[in-house]
Amino acid sequence: MPGLDDLPLRDDLRGQTPYGAPQLDVRARLNVNENPYAPSEALVADIAAAVAEASRGLNRYPDREAVALRADLAAYLGRESGAALTGDQLWAANGSNEIMHQLMLAFGGPGRTALGFTPTYSMYPEYCRDTFTRYVTAPRDEHFRVDAQTAVEAIELHLPDIVLLASPNNPTGTPLDLDVVRAVLDTAPGMVVIDEAYAEFRRSGTPSALEILDGHPRLVVSRTMSKAFGMAGARLGYLAADPAVVQAVQLVRLPYHLSAVTQAVARTALAHADELQAQVALLRSERDALVVWLRARGHDVADSDANFVLFGRFPDRHAVWRGLLDRGVLIRETGPDGWLRVSVGTPEENAAFRAALEEVTA
Ligand SMILES: *Cc1c(COP(=O)(O)O)cnc(C)c1O
């Protein structure tokens with residue numbers, strides 16, 4: 001039977017596997033950094049009503065500029081970070097993955113280079129592959145931090161068109177000092193993208209790059225409703241930047257990329273931002289407790305500003321991962337050799353993780 005190998009597929013895609021972590025129905029699903037709390041019944045009813053209203057106009061294309069949603073996002077970011085933003089500085093897409101893809105389409109491409117700091121998000125090389133952008137990396141230090149001098153030297157060496165910096169970083173949870181962002185902005189010849197997918201989970205005192213958006217027209221801050229907002233299934237990511245950056249991504253976005261249903265769901269969720277994020281404080285304290293607990297058992301644990309914790313190191317991490325799964329706890333086998341990443345769940349899920357890990361490592 002003819003298969004994938006018989007198709008005239010792009011040479012660089014041959015033999016590759018699609019991105020994806022296991023989606024298994026187990027007791028504790030702690031492998032993709034979702035918010036473990038489902039929306040309330042009241043919010044479900046509001047979303048259903050908003051979708052019904054949007055459905056009445058589904059014979060028409062959606063607002064391709066998503067003007068109302070972008071104004072709502074600007075207002076939300078203003079409340080969350082204190083940054084005064086307007087809708088023309090915001091752009092929205094189907095998850096921040098699509099945001100990043102659009103940025104790569106607009107600012108990357110053949111003959112262009114993107115710089116990442118490893119270990120970091122495993123999708124960055126894939127965006128580069130898809131857009132024929134060369135991906136180069138520089139290492140983080142032993143605490144998974146980006147050192148300003150290392151960053152500056154890597155930028156001077158590679159002259160990247162795009163610098164990709166996740167803060168907090170995935171899979172390590174490491175935040176970024178604004179001094180490092182400023183040093184990168186001062187040196188980089190191109191765009192600087194700060195991927196703040198987990199920003200709402202940052203510990204108090206950890207800054208957001210939104211604070212320095214003013215006066216930095218090549219700085220882009222990417223955010224998502226997938227994590228703290230508990231809306232991973234809705235697929236809504238967004239960026240904040242100078243209005244000219246928004247105009248740039250509008251050149252490459254697909255026509256009417258963001259459905260009327262998605263826009264309605266996202267606006268309803270934003271109207272309930274406080275309720276949706278009510279558990280963020282709990283998740284942060286559960287995270288901090290998990291770090292303390294793991295360290296008390298002698299594990300190496302990376303400081304985390306996100307809703308997950310990277311811990312290790314295990315001579316056979318796959319065996320530990322498998323042992324946890326056998327006990328109904330699904331975590332992620334990712335990061336440098338010997339490390340594992342666990343998402344912070346409900347207190348019950350976290351207890352199940354701790355009990356399972358004690359058994360597996362006994
Ligand atoms: C989860 C995550 C995202 C968000 O992806 P969505 O497409 O918005 O669901 C972006 N960046 C990083 C580093 C992530 O871990």
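Before reading on, note that the structure itself is shown above.
Rules of the game
- Residues numbered from 1 in each chain as written.
- Predicted model: local features only at pLDDT ≥ 70, side-chain atom pairs only at ≥ 80, totals over all residues.
- Heavy atoms only, no water.
- Axes fitted to C-alpha atoms, helices over the stretch in contact; angles between N-to-C directions.
- Helix = DSSP H or I, 4+ residues; strand = E, 2+ residues; numbered from the N terminus.
- Parallel < 35°, antiparallel > 145°, perpendicular 65-115°, else oblique.
- Left-handed = near helix turned anticlockwise from the far one by under 90°.
- Contact = heavy atoms within 4.5 Å.
- Nonpolar A, V, L, I, M, F, W, Y, C, P; charged D, E, K, R; others polar.
- Near = heavy atom within 4 Å.
- Polar contact = N/O pair within 3.5 Å; in protein donor to acceptor, adjacent residues only side chain to side chain.
- Areas by Shrake-Rupley, 256 points an atom, 1.4 Å probe, with all protein chains shown as cover.
- Pairing = 2+ DSSP bridges.

Here the focus is the packing of helix H11 (residues 317–326) against helix H12 (residues 347–361). In the contact formed by H11 and H12, the axes pass within 9 Å of each other and the chain directions differ by 125 degrees. Comparing their axes, H12 and H11 come out oblique. Relative to H12, H11 is oriented so that their crossing is right-handed. Residue-level contacts link Val320, Gly323 and Leu324 of H11 to Phe353, Ala356, Leu357 and Val360 of H12. Among the residues making up the contact of H11 with H12, the classes are represented as 6 nonpolar, 1 polar and no charged.

All residues in the neighbourhood of the ligand are listed as Gly95, Ser96, Asn97, Tyr121, Asn170, Asp195, Ala197, Tyr198, Thr224, Ser226, Lys227 and Arg235. Contact between the ligand and tyrosine 198: an oxygen atom at 2.6 Å from a side-chain N or O atom of the residue. The separation between an oxygen atom of the ligand and a polar side-chain atom of serine 226 is 2.7 Å. Coverage of the ligand by the protein amounts to 94% of the 390 Å² it exposes when considered alone. Looking at the shell around the ligand residue by residue, the classes come out as 3 nonpolar, 6 polar and 3 charged.

Strand order in the open sheet made by the 7 strands is S2-S8-S7-S6-S5-S3-S4, with mixed pairing throughout. Both outer strands of the open sheet, strand S2 (90–93) and strand S4 (134–139), are each paired with one neighbouring strand and no more. Across this sheet, the average inter-strand angle for adjacent strands is 25 degrees, counted without regard to direction. For strand S7 (residues 219–224) and strand S8 (residues 237–240), the ladder comprises 4 bridges, and the chain directions are antiparallel. Each bridged residue has a counterpart across the sheet, and for threonine 224 the counterpart in S8 is glycine 237. Contacts from helix H7 (residues 243–252) reach S2, strand S6 (191–195), S7 and S8, with the element oriented near 30 degrees to S2.

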